[in-house]
Amino acid sequence: GISPWQGLLGNSCPPRKRPLRTFFGVAGKKDATAADPEQSAAGEVTGAPRLKTANKMVPSSSVPASGPTQGLSTRPCGLRDTLVKSLLKQKESSYTHLQNFRFFVGTYNVNGQSPRGSLRPWLSQDGEPPDIYCVGFQELDLSKEAFFFNDTPKEEEWFKAVTESLHPGAKYAKVKLVRLVGILLLLYVRTELAMNISEVEAETVGTGIMGRMGNKGGVAIRFQFHNSTVCVVNAHLAAHPEEYERRNQEVRDICARMQFHPLEPGCPLLAIKEHDVVLWLGDLNYRLEEQDMERVKKLIQTQDFQALHQHDQLKIQREAKLVFEGFQEGEISFQPTYKYNPGSDDWDDSAECRVPAWCDRILWSGKTVSLLSYQSHMALKNSDHKPVSAIFDVGVKVVDKKSYCKAFEGIVRSLDKMENASIPSVTLSKREFLFKDVKYLQLQVESFTISNGPVPCQFEFISKPNEDAYCKPWLIAKPSKGFLMPDSEVVIALELCVNKSTATALNSGEEKLEDILVLHLDRGKDYFLSVSGNYLPSCFGCPIQTLCYMKEPIREMLPEAIRELTLMPLLTDDAFWEEKPLDVPKELWMMVDLLCRSACHQEGLFQQPGLRPEFEQIRDWLDTGTLDVLGPVASNHSVAEALLLFLESLPEPVVCYKSYRSSLECANSYEMSSQVRQALREGQD
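I will try to describe carefully the structure that is included in this document. (Residues numbered from 1 in each chain as written. Predicted model: local features only at pLDDT ≥ 70, side-chain atom pairs only at ≥ 80, totals over all residues. Heavy atoms only, no water.)

**Some words on the overall build of the chain**
In terms of regular secondary structure, the chain is built from 18 helices and 25 strands. Burial analysis of the chain (685 residues in total) assigns 50% to the buried set. Long-range pairs, those at least 24 residues apart, make up 71% of the contacts in the chain with a sequence separation of at least 6. Carbon and sulfur atoms make up 50% of the accessible area of the chain, which amounts to about 32700 Å² in all. (Helix = DSSP H or I, 4+ residues; strand = E, 2+ residues; numbered from the N terminus. Buried < 20%, exposed > 50% of the residue type's maximum accessible area, 1.4 Å probe, protein only. Contact = heavy atoms within 4.5 Å. Areas by Shrake-Rupley, 256 points an atom, 1.4 Å probe, with all protein chains shown as cover.)

Right under this line is the structure:
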């Protein structure tokens, strides 16, 4: 292998990055790549990889192999390496120039349909072939199998349809494929540009049921093209006109939770907005505030899209800076892309009779991006959506090798002269942190600033002796490690959140919100930070037996009583306690009772997440007993999600372990399920 910074040990100029590893079968989550190497029975690569293109196979000799045993070696980001990279970044303008490349970005909600006919009216409508294709699909497969097992034959169908419909004026290699249930994203590059692509990573974020499941959410691919970083996001957001706030929240969740792992160990995670160019596509599901169907159709018929666009929710939310801040969108000069009768250009005439809307959108951020076209494609009719495309000229930073080597050698010479033996030291703005009245699943954040002195330093929170992690499981530091240039500073956020894995011990008092963090400086000293707080006991995380013995809300009970009940052994009789326990925990009864009374026949009750503020109200009401009845203060979806979170937080399952398998086996039969339920009541096997 070649060290990434081999030039530090000699006069040669170092390689800037590793070749495109994802061309050669490096697996990701539900990921396919352009490689098609032969594999042994054990799954190991046994033959030379060959790049698949739209028209032929690219011989493996045309691209250097970069499998597990070939290519550049990797090593952690050392202090000197990190400093060299930072200084090179500062001097980037001295060894790069901008060169335009053409990007095709397309999005299509296919409504669970298989491809019918060529996709060239969408993918190849421009005379000039793109350099890079970014193609996204939503609702690839609407079956339960796709949702529960994340497996679908339609992935291959649409991948083949796209590959066969790429522009005939060029040959393309697939860079990466990533899918989350029905959200699919494909990335292709012209074969002659393939070796300029590196550091390809893919991630997924589910925002659907319980805010995590993959029926809604986003997938993303990030990569480096020449010396510019690009991130492509494909999102499918919550449906229905009134859910625009939920859609805003889902965009924020995707941005917050979508983090990419650098290829070099020890380097910090990358967020979406930390890229030079971000391309965001998908069925964003923003609707029209104007609900009068006839008026909408009239404006469409007269092609007065500008007047109609004034009612667009995405436009309204962006102008209010509530979502997609820093992003741009092209002028919309095409009719709404949803909802049509499948197989036609006629508007929806079903019983639902959806008002037309521009659900399918493409946005971007980046200083070097120019939009060339933004349009829909009416020729494709097999879905209730129409596909949308955008073509961009993207200014990419291309490296001049001679200038790069000159800059690199200058940096190395200057570092060689800096033989500073002083120990790095920092100043912390705060060392003691108090988290007051912490509640279940309610995030609290305390921040402090690390200010560096004149010496570059690398910092990291390290674990204490005989401990595996640097902090307790209810705490996390962001970032937990990093690098500081001289006289610079960084803000560290300490995030505290009690979840199902930590709530039980905190309820009983076995654990306290107390920890000591050790901040270590490479070649420097350690700093100690004190973290403490008080946790408000919650019914979430309590054993069922404990809750049955609690006649009062948990917040009104003494800590000693909660501890005694929580640590009480499982009983077969009531001899341990003076009072007869409840048959069902009152908290569980209240939620189930409300759902039985008001949502028993509501479709999709457990498939749409509730609202976070309403869940927090429900939790507080259950813990304090301030309301005897939950409704109508919370939506059914929020109560349903609270019920699922309550059951998930139980340290012991509702169905005992020995009956769990038989319960699953009988789940599809009412008669057999009734027998299992009766057996559970009688305490039989």
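Here the narrative resumes.
**Brief notes about the pairing of strand β10 (residues 228-236)**
Counting buried residues in β10 gives nine out of nine residues, a clear majority hidden from the surface. With burial as the criterion, each face of β10 is covered, one bearing Ser-228, Val-230, Val-232, Asn-234 and His-236 and the other bearing Thr-229, Cys-231, Val-233 and Ala-235. Where strand β9 (residues 217-225) meets β10, nine bridges bridge the pair, whose relative direction is antiparallel. Pairing of Phe-225 across the sheet is with Ser-228, part of β10. Where β9 folds back onto β10 in an antiparallel hairpin, the turn is made up of two residues, including His-226, whose phi is positive at roughly 55°. For β10 and strand β13 (residues 277-283), the ladder comprises seven bridges, and the chain directions are parallel. Paired with Val-232 across the two strands is Leu-279, which belongs to β13. (Pairing = 2+ DSSP bridges.)

**Description of helix α10 (residues 401-417)**
Each α-helix winds once per 3.6 residues, and so residues spaced three or four apart point in a common direction. In this model α10 runs 25 Å from its N-terminal to its C-terminal C-alpha over 17 residues, within 8% of the 24 Å that 1.5 Å per residue would give. Buried within α10 we find Tyr-404, Cys-405, Ala-407, Phe-408, Ile-411, Val-412 and Leu-415. Down the axis of α10, the sector holding all buried residues measures 165°, keeping them to one side. In α10, the exposed positions angled more than 90 degrees off the buried face are occupied by Lys-402, Lys-406 and Lys-417. Elements that come into contact with the buried residues of α10 comprise α1 (79-90), α2 (92-95) and β16 (388-399). (Expected span 1.5 Å × (residues − 1). Arc of directions from axis to C-beta.)

**Looking at the sheet that holds strand β8 (residues 197-206)**
Pairing within the open sheet is mixed, and its five strands lie in the order β8-β9-β10-β13-β14. In this open sheet, the two edge strands, each paired with only one partner strand, are β8 and β14 (360-365). Each neighbouring strand pair of the sheet contributes to a mean axis angle of 10°, computed without reference to strand direction. Here six bridges tie β13 to β14, and the two strands are oriented antiparallel to one another. Across the sheet, residue Asp-283 finds its bridge partner in β14, namely Asp-360. (Axes fitted to C-alpha atoms, helices over the stretch in contact; angles between N-to-C directions.)

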